[in-house]
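# Breakdown of the fold
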Amino acid sequence: CGRTQVDLAADVGVFRDRDQDTRTPAAHLELTVRRGVGPDTDATLKLYLPGAELGVQRRVRAGRWQWALAAALGGERTAVGTGRTDAAFGHLRVTALATRRTSQRWAFTVGPVATGGVFVPAGGGWSHGLLVGGFANAERRFADRWAVVPELSVHLTAAGDVPVRGSVIQLGAAIGRRW
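Heads up: these notes are all about the structure in this document. On a predicted model such as this, the values are computed, not experimentally measured, just so you know. (Residues numbered from 1 in each chain as written. Predicted model: local features only at pLDDT ≥ 70, side-chain atom pairs only at ≥ 80, totals over all residues. Heavy atoms only, no water.)

## Some words on the sheet that holds strand S6 (residues 87-101)
- In space, the 10 strands of this closed barrel follow the order S1-S2-S3-S4-S5-S6-S7-S8-S9-S10, with antiparallel pairing throughout. The average angle at which neighbouring strand axes cross in this sheet is 20 degrees, direction not considered.
- Direction of pairing for strand S7 (residues 106-121) relative to strand S8 (residues 127-142): antiparallel, over a ladder of 14 bridges. For Thr 109, the partnering residue across the bridge sits in S8 and is Asn 137. (Pairing = 2+ DSSP bridges. Helix = DSSP H or I, 4+ residues; strand = E, 2+ residues; numbered from the N terminus. Axes fitted to C-alpha atoms, helices over the stretch in contact; angles between N-to-C directions.)

## So, unusual backbone geometry
- For the peptide bond that leads from Leu 49 to Pro 50, omega is 5 degrees, which places it in the cis range.
- Secondary-structure assignment places Pro 50 in the loop between strand S3 (41-48) and strand S4 (51-61).
- Val 162 connects to Pro 163 through a cis peptide bond whose omega is 5 degrees.
- Backbone geometry places Asp 21, a non-glycine residue, at a positive phi of 50 degrees.
- Relative to the elements of secondary structure, Asp 21 occurs in the loop between strand S1 (4-17) and strand S2 (22-38).
- When its relative accessible area of 58% is taken as the criterion, Asp 21 is described as exposed.
- Even without a glycine there, the phi angle at Ala 143 is positive, about 50 degrees.
- Structurally, the position occupied by Ala 143 is in the loop between S8 and strand S9 (146-160).
- Its relative accessible area of 55% is what places Ala 143 among the exposed residues. (Buried < 20%, exposed > 50% of the residue type's maximum accessible area, 1.4 Å probe, protein only.)

## Digging into the pairing of S9
- In this structure, S8 lies alongside S9, joined through 12 bridges in antiparallel fashion. Across the sheet, residue Val 132 finds its bridge partner in S9, namely Leu 156.
- With antiparallel pairing between neighbouring strands as the criterion, S8 and S9 make up a hairpin whose turn holds 3 residues, including Ala 143 at a positive phi of roughly 50 degrees.
- As paired elements, S9 and strand S10 (residues 166-178) share 11 bridges and run antiparallel to each other.

See the structure below:
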């Protein structure tokens, strides 16, 4: 309780749309602040261009494997520009996390992810979608309070077309410090 972690992350990926037979590359940077608000509960604020996300993570079981559930609500606003339209996009994500710490320096986390999204263009109308998938990452701690975490995530459209009717693959890495 009361510990703080700050991460800077970057990722690259591709959004593949089956209907349009397109592949759209993507990349983004994010800054995350995570704060312990209880013995097994953390609150999270993520800032990224052009949006933000608030989340909570709750450890439900400790032991050789640590199990947690997480939820996040976020959104962004885009302006008209190359490859962009004037619109708002919102999402709700739920994640289950299974973490196995193999040493003081190494931990591995995997889990399923479901993300519901809604897209509302300024000109009217709306669209929605549901992505389901999973992720895997490896955390390497160093210099007592620092960690680097590479991560791979894969998501498939289960319903709708937001953010895409197809698949999303992302590869990223974060570096963070705990206080």
